[in-house]
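# Observations on chain architecture
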Amino acid sequence: MQITMNQDLVLRMITPEDAEKVFALTDASREYLKEWLPWLDFTKELADTKAYIDGCIKGHEANSSLSLVILFKNEIVGIAGFNAINPSNKIGTIGYWLSEGAQGHGIMTKTVKALLEYAFQTLKLHKVEIRVAEANHKSRAIPERLGFMQEGTIRAAEWLYDHYVNHVIYGMLVSEWQQQQ
C-alpha cells in the first residue's frame, strides 16, 4: 500500500527491510522524541525495531492498525498511520512522529490529511480520532489546522518516564470531512 501526496512526499507500508533505517532514525531522534513519546526506552537496539515492525504487520493483517513510513525525498523521516482501527465502530485513531530535521515542511499536516482521505474513502470509517499530550502544541496544531473538533481531555492518560500527561482528544466525523471537500 502506498499513498503519494506529491513528488517529494510518500506514505508506504512499513516492511522488515525498513528496520535498520527506522532504528537509525529513532536512535538519532531519541532525545527529541522522548519529550512526548513513551516507548523510546523500549527501543534500544535493532531487534526492538524489528519486533515493532513485526507487530505492525500483524496489526495490519488483523485489520486493527496500519503503520506507514513517511518518505520525504526518498528518505524515511517518520512514522504515521492508525494506531488502532475499530472495524465494528468504524473508528480509527491516528498516531504520528516526525524527526526533528524534517519539521517545517508541512509534512505531517499533508500526511494526516492523506490519512483522513484513506480512512473515509478506502476504510469507510465513520470517525477518526487523534490523541495528543495537552502541552504538545506542535502536535496539537495538526488536527486543529485540519478542522478536527476538540472533544475533551483525559487526565493522566499517559506515563512519560517520570510523570503523567493529559491527552486532548480530537475527532472528525466523515460528514465533517465531506463538508470540507
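A brief report on the enclosed structure follows.

## Some points on unusual backbone geometry
Excluding glycine, residues mostly carry a negative phi; peptide bonds, for their part, are mostly trans. With a phi angle near 60 degrees, Asn 63 is a residue other than glycine that sits in the positive phi range. With phi around 45 degrees, Ala 156 is a residue other than glycine that occupies positive phi space. On the secondary structure map, Ala 156 appears in strand β7 (residues 149–159).

## Thoughts on the packing of aromatic side chains
Each aromatic ring pair is characterised by the separation of its centres together with the angle its planes make. Evaluation of the coordinates by the stated rule reveals 3 aromatic pairs. Summarising the aromatic geometry, the rings of Trp 39 and Trp 97 are spaced 6.0 Å apart at their centres and angled 55 degrees between planes, so their arrangement reads as tilted. You can see Trp 39 sitting in the loop between α2 (30–33) and α3 (46–61) and its partner Trp 97 sitting in strand β5 (residues 91–98), a full 58 residues away along the chain. Between Trp 159 and Tyr 164, the ring centres sit 4.8 Å apart and the planes meet at 65 degrees, which makes this aromatic pair edge-to-face. By relative accessible area, which is 44% here, Trp 159 ends up partly exposed. When its relative accessible area of 52% is taken as the criterion, Tyr 164 is described as exposed. One cation-aromatic arrangement involves Lys 34 over Tyr 161; the distance from NZ or CZ to the ring centre is 4.9 Å.

## Notes on the layout of surface pockets
Put simply, the largest pocket is a space of about 1200 Å³. Around the largest pocket sit 48 residues that line it, and Leu 37, Gly 95, Tyr 96, Trp 97 and Ser 139 are the ones nearest its centre. In terms of residues, the lining of the largest pocket owes the most to one element, β5, which gives 6 residues. Considered class by class, the residues forming the lining of the largest pocket number 25 nonpolar, 17 polar and 6 charged.

## Details of the pairing of strand β4 (residues 75–86)
Note on strand geometry: in a regular strand, side chains alternate between the two faces of the sheet. Here strand β3 (residues 66–72) runs beside β4; their pairing, made up of 7 bridges, is antiparallel. Residue pairing across strands places Val 69 opposite Ile 79, the latter belonging to β4. Turn length for the β3-β4 hairpin, with the two strands adjacent in sequence and antiparallel, is 2 residues, and the turn residue Lys 73 shows positive phi of about 55 degrees. Turn length for the β4-β5 hairpin, with the two strands adjacent in sequence and antiparallel, is 4 residues, and the turn residue Lys 90 shows positive phi of about 55 degrees.

## As for the packing of helix α1 (residues 19–28) against α3
As a packed pair, α1 and α3 sit with axes 9 Å apart at the nearest point and diverge in direction by 120 degrees. Relative to α3, the crossing made by α1 is right-handed. For the pair α1 and α3, the contacting residues are Ala 19, Glu 20, Val 22 and Phe 23 in the first and Leu 46, Thr 49, Lys 50 and Ile 53 in the second.

## Some details on the pairing of β7
Bridge analysis of β7 against strand β8 (residues 164–173) gives 7 bridges, and the strand direction is antiparallel. Bridging from a neighbouring strand, Thr 153 pairs with Val 168 of β8. Connecting the antiparallel pair β7 and β8 is a turn made up of 4 residues, with Tyr 161 showing a positive phi of about 70 degrees.

## Description of the side chain of Lys 127
Position of Lys 127 among the secondary structure elements: in strand β6 (residues 127–133). A polar contact is formed between the side chain of Lys 127 and the side chain of Glu 129, at a distance of 3.3 Å. Those residues in contact with Lys 127, other than ones at most four positions away along the chain, are Lys 90, Ile 91, Gly 92, Phe 120, Glu 151, Gly 171, Met 172 and Leu 173.

Thresholds, definitions, all that
- Residues numbered from 1 in each chain as written.
- Predicted model: local features only at pLDDT ≥ 70, side-chain atom pairs only at ≥ 80, totals over all residues.
- Heavy atoms only, no water.
- Helix = DSSP H or I, 4+ residues; strand = E, 2+ residues; numbered from the N terminus.
- Phe/Tyr/Trp six-rings, centres within 6.5 Å; stacked < 30°, edge-to-face > 60°.
- Buried < 20%, exposed > 50% of the residue type's maximum accessible area, 1.4 Å probe, protein only.
- Lys NZ or Arg CZ within 6 Å of the ring centre and 35° of its normal.
- 1 Å grid on protein atoms, 1.4 Å probe; cavity = no way out; pocket = protein on both sides within 12 Å on 5 of 7 lines; lining within 4 Å.
- Points joined across faces, edges and corners; volume = space filled by probe spheres on them.
- Nonpolar A, V, L, I, M, F, W, Y, C, P; charged D, E, K, R; others polar.
- Pairing = 2+ DSSP bridges.
- Axes fitted to C-alpha atoms, helices over the stretch in contact; angles between N-to-C directions.
- Left-handed = near helix turned anticlockwise from the far one by under 90°.
- Contact = heavy atoms within 4.5 Å.
- Polar contact = N/O pair within 3.5 Å; in protein donor to acceptor, adjacent residues only side chain to side chain.

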